[in-house]
Amino acid sequence: MVMRTVDLRSDTVTRPTDAMREAMGSAEVDDDVLGYDPMARRLEEEIAKMMGKEAALFVPSGTMGNLICVMVHCDVRGSEVILGDNCHIHVYENGGISTIGGVHPKTIKNEEDGTMDLGAIEAAIRDPKGSTFYPSTRLICLENTHANSGGRCLSVEYTDRVGEIAKRHGLKLHIDGARLFNASIALGVPVHRLVQAADSVSVCLSKGLGAPIGSVVVGSQSFIEKAKTLRKTLGGGMRQIGVLCAAALVALQENLPKLQFDHKKTKLLAEGLNQMKGIRVNVTAVETNMIFMDMEDGSKLTAEKLRKSLTEYGILVIPENSSRIRMVIHHQITTSDVHYTLSCLQQAVQMIQEPSRN
Ligand SMILES: Cc1ncc(COP(=O)(O)O)c(C=O)c1O
Ligand SMILES: C[C@@H](O)[C@H](N)C(=O)O
């Protein structure tokens, strides 16, 4: 009999709060294709101001936000984008920048901290004199925080250095900021400073902020006008989106201040996991709301065995591979849930490692 549910699969799993549902129900709305939905307008203005950019655009998902930004920057056939080999755009977005956008990816190895080597970035930029043979580099993409590195933060100094490289070569810089607010809180740097060097950013409302749906892209006024047209082309032009934007405005108000506590709960969980026999967590690499929990060789533990055992306790996780589980904390995971998870995991580990004892 499952006692409770602790959903650590992702920070995308949160349910709208009562306040969000109430705001959705009473939202003032209008047709956002024919004109401007008032709540969308308000949200876009608020996010643009927070990010220090001229304009913003609500989009249905982070995947569409990234695709739109890459396509606006790379609007000439034969364009190439430099991005990390382990970044979300390259790994989890179905190759959309190529299959839909016609943009060529030039991947560079992501370091363990989510960065790409600055020298490697510069070396990857195509020589315009070679345009008979080569694609033309137009864009560099970063991801902050970097999900596949375990939610690591890119520093503002690093971001500015990449921005300088882009500017020096006449390129644009896009930041996949799905969890940018987590980076801002963890680094103690305002979001507008973190993205100062970027020409565009896509930030998720539906992750740590806990809104049910959506992302927002920001950039110059002219960039956002092109992005709005492309959003419609891709089928993302929606009608009374105030229902969704109202929830996002509540999320900004309610949950932005909670991100710091998400990080504290994540650290608490990581430190507890690292005490367990056969389990290893690089606690210093836990900077925001994600944990990669590794099973040690010879421990008899596998990700699938642990996932299955945890499910019996109502704890939901996603294996990264056969010996690694990812756990993501969000505002609907309590400190009590963290202690419950640690206690259940200890039991699951013992049952797997010493079945005769049970
Ligand atoms: C780093 C990162 N970028 C982009 C996305 C895409 O967002 P969505 O799931 O809303 O398409 C995600 C995950 O969802 C993500 O983790
Ligand atoms: C899996 C991935 O697409 C999603 N962004 C997550 O981190 O859960």
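Reading the values: rules and limits
In this numbering scheme, every chain counts its residues from 1 along its sequence in written order. Lettering of chains starts at A and numbering of ligands starts at 1, both following the order in which they are written. pLDDT decides what is reported in this predicted model: residues at 70 or higher carry local features, side-chain atom pairs at 80 or more are listed and counted, and totals for whole chains, interfaces and linings draw on all residues regardless. Computation of side-chain values: all heavy atoms of the structure, hydrogens and water removed. UniProt positions are given in the numbering used here, feature names are shortened, and annotations may be inferred rather than shown by experiment. Helix and strand assignments come from DSSP, with helices taken as H or I runs of at least 4 residues and strands as E runs of at least 2, each series counted from the N terminus. Here the radius of gyration uses the C-alpha set of atoms, whereas the globule reference equals 2.2 Å times the residue count to the power 0.38. What makes two residues a contact is simply this: any of their non-hydrogen atoms within 4.5 Å. Here the open area of atoms and residues is found with the Shrake-Rupley method and a 1.4 Å probe, where only the protein chains shown may cover a residue. By the counting rule applied here, Lys and Arg register as positive and Asp and Glu as negative, while His and the ends of each chain are not counted. In plain terms, the charge of a residue is placed at NZ if it is Lys, CZ if Arg, CG if Asp and CD if Glu. One heavy atom within 4 Å of a molecule or strand is enough for the residue carrying it to be called near that molecule or strand. Here a polar contact is recorded for every N or O atom pair within 3.5 Å, except that within protein the pair must consist of a potential hydrogen donor and a potential acceptor, and residues adjacent in sequence are included only if both atoms are side-chain atoms. Amino acids are sorted into nonpolar (Ala, Val, Leu, Ile, Met, Phe, Trp, Tyr, Cys and Pro), charged (Asp, Glu, Lys and Arg) and polar (every other residue, Gly among them). Any Phe, Tyr or Trp ring, taking Trp's six-membered ring, that has another such ring centre within 6.5 Å forms a pair; planes under 30 degrees apart are called stacked, those over 60 apart edge-to-face, and the others tilted. Should the NZ of a Lys or the CZ of an Arg lie within 6 Å of a ring centre and within 35 degrees of the ring normal, that charge is described as sitting over the ring. Paired strands, as defined in this entry, are two strands with at least two bridges between them according to DSSP. In this analysis, axes come from line fits to C-alpha atoms, helices being fitted only over the stretch in contact, and the angle between any two N-to-C directions falls in the range 0 to 180 degrees. By this rule, a helix spans an expected 1.5 Å times one less than how many residues it contains. In this scheme, a residue with accessible area under 20% of its type's maximum is buried, one over 50% is exposed, and one in between is partly exposed, where area comes from a 1.4 Å probe on protein chains only. Buried residues of nine kinds, namely Ala, Val, Leu, Ile, Met, Phe, Trp, Tyr and Cys, make up a nonpolar core once their side-chain atoms join them within 4.5 Å. Salt bridges are identified by distance alone: a Lys or Arg side-chain nitrogen within 4 Å of an Asp or Glu carboxyl oxygen.

- According to the UniProt record, the Cofactor (unreviewed entry) comment for the chain reads "pyridoxal 5'-phosphate".
- Taken verbatim from the UniProt record of the chain, the Sequence similarities (unreviewed entry) comment is "Belongs to the threonine aldolase family."

1. Focus on the overall build of the chain
Part 1 of the argument: Check the secondary structure of the chain and you find 14 helices and 13 strands.
Part 2 of the argument: A compact globule built from 358 residues would reach a C-alpha radius of gyration of about 21 Å, and the chain, at 21 Å, matches this within 12%.
Part 3 of the argument: For the C-alpha atoms alone, the extent of the chain along its principal axes is close to 70 × 55 × 35 Å.
Part 4 of the argument: Residue pairs at least 24 apart in sequence account for 74% of intrachain contacts in the chain once pairs closer than 6 positions are excluded.
Part 5 of the argument: Carbon and sulfur atoms make up 51% of the accessible area of the chain, which amounts to about 15,800 Å² in all.
Part 6 of the argument: Distance between charge centroids for the chain: 2 Å, based on 40 positive and 42 negative side chains.

2. Examining the site of ligand 1
Part 1 of the argument: Near ligand 1 you find Ser61, Gly62, Thr63, Asn66, His88, Glu93, Glu143, Asp176, Ala178, Arg179, Cys204 and Lys207, and these make up its full shell.
Part 2 of the argument: In the model, an oxygen atom of ligand 1 is placed 2.9 Å from a nitrogen or oxygen of the Gly62 main chain.
Part 3 of the argument: Here an oxygen atom of ligand 1 sits 2.6 Å away from a polar atom, N or O, in the side chain of Thr63.
Part 4 of the argument: Broken down by element, the residue count for the shell around ligand 1 peaks at three residues, all from helix H3 (residues 62-73).
Part 5 of the argument: Classifying every residue of the shell around ligand 1 gives two nonpolar, five polar and five charged.

3. Looking at the UniProt feature "domain: Aromatic amino acid beta-eliminating lyase/threonine aldolase" (unreviewed entry) in the chain
Part 1 of the argument: Taking the numbering used here, the UniProt-annotated feature "domain: Aromatic amino acid beta-eliminating lyase/threonine aldolase" (unreviewed entry) corresponds to residues 7-295.
Part 2 of the argument: Helix makes up 40% of residues 7-295 and strand 17%. Its end C-alpha atoms lie 20 Å apart.

4. Description of the packing of aromatic side chains
Part 1 of the argument: Tallied over the entire structure, the rule returns zero aromatic pairs.
Part 2 of the argument: Between Arg4 and the ring centre of Tyr340, over which it is positioned, the NZ or CZ distance is 4.5 Å.
Part 3 of the argument: Taking NZ or CZ as reference, Arg41 lies 3.9 Å from the ring centre of Tyr36, over its face.

5. Observations concerning the sheet that holds strand S13 (residues 324-328)
Part 1 of the argument: Strand order in this open sheet of four strands is S9-S10-S13-S12, and the pairing throughout is antiparallel. Either end of the sheet is taken by a strand with one partner, and the two such strands are strand S9 (279-280) and strand S12 (318-321).
Part 2 of the argument: Across five bridges, strand S10 (residues 290-295) lies against S13 in antiparallel orientation. Within S13, the position partnered with Met290 by the bridge is Val328.

6. Side note on the sheet that holds strand S3 (residues 79-84)
Part 1 of the argument: Within the open sheet, the seven strands sit side by side as S2-S8-S7-S6-S5-S3-S4. Their pairing is mixed. Each end of this open sheet is capped by a strand with a single partner; those strands are strand S2 (55-59) and strand S4 (104-108). The average undirected angle you get between the axes of adjacent strands in this sheet is 20°.
Part 2 of the argument: Of the strands in this sheet, strand S5 (136-143) and strand S6 (172-177) are in contact with helix H7 (residues 156-168), which crosses S5 at around 175°.

7. Brief notes about the side chain of Arg231
Part 1 of the argument: On the secondary structure map, Arg231 appears in helix H10 (residues 221-233).
Part 2 of the argument: Arg231 has contacts with Asp32, Glu44, Leu57, Phe58, Val59, Met64, Ile68, Gly236 and Gly237, leaving out every residue within four places of it along the chain.

8. Regarding helix H11 (residues 242-255)
Part 1 of the argument: Between the first and last C-alpha of H11 there are 19 Å, a value that for 14 residues agrees with the 20 Å anticipated at 1.5 Å per step.
Part 2 of the argument: Burial analysis of H11 places 11 of its 14 residues in the buried class, the great majority of the element.
Part 3 of the argument: Along H11, the residues classified as buried are Gly242, Leu244, Cys245, Ala246, Ala247, Ala248, Leu249, Val250, Ala251, Leu252 and Asn255.
Part 4 of the argument: At its buried positions, H11 is contacted by helix H1 (18-25), helix H2 (38-51), S2, helix H8 (180-187) and helix H12 (259-273).

9. Regarding the site of ligand 2
Part 1 of the argument: Contacts to ligand 2 come from Ser10, His88, Arg179, Lys207 and Arg326.
Part 2 of the argument: Contact distances for ligand 2 include 2.7 Å between an oxygen atom and a side-chain N or O atom of Ser10.
Part 3 of the argument: His88 has a polar side-chain atom sitting 2.8 Å from an oxygen atom of ligand 2.
Part 4 of the argument: A per-class count over the shell around ligand 2 returns no nonpolar, two polar and three charged.

10. Quick word on the nonpolar core
Part 1 of the argument: By size, the foremost hydrophobic cluster in this structure holds 57 residues, and its most contacted members are Leu43, Ile47, Met51, Ile121, Ile140 and Leu205.
Part 2 of the argument: Of the residues forming this core, the biggest block, nine residues, is contributed by H11.
Part 3 of the argument: Apart from the residues within four sequence positions on either side, Ile121 is in contact with Ile82, Ile108, Met116, Ile140, Tyr158, Val162 and Ile165.
Part 4 of the argument: In terms of nonpolar packing, the next biggest core, distinct from the first, is built from 32 residues, Val283, Ile325, Leu345 and Ile352 among them.

11. Side note on the pattern of salt bridges
For side chains of opposite charge, pairing can occur when their charged atoms come near one another.
Part 1 of the argument: Under the counting rule described, the total for this entry stands at 15 salt bridges.
Part 2 of the argument: A salt bridge links Arg9 to Asp7, with the shortest nitrogen-to-oxygen separation between them at 2.6 Å.
Part 3 of the argument: On the accessibility criterion, Arg9 (32% relative accessible area) is partly exposed.
Part 4 of the argument: In this structure, Asp262 and Lys265 form a salt bridge, with 3.4 Å as the shortest nitrogen-oxygen distance. Residue Asp262 and its partner Lys265 are located together in helix H12, separated by three residues, close to a single helical turn. The same class applies to Asp262 and to Lys265, which are both buried.

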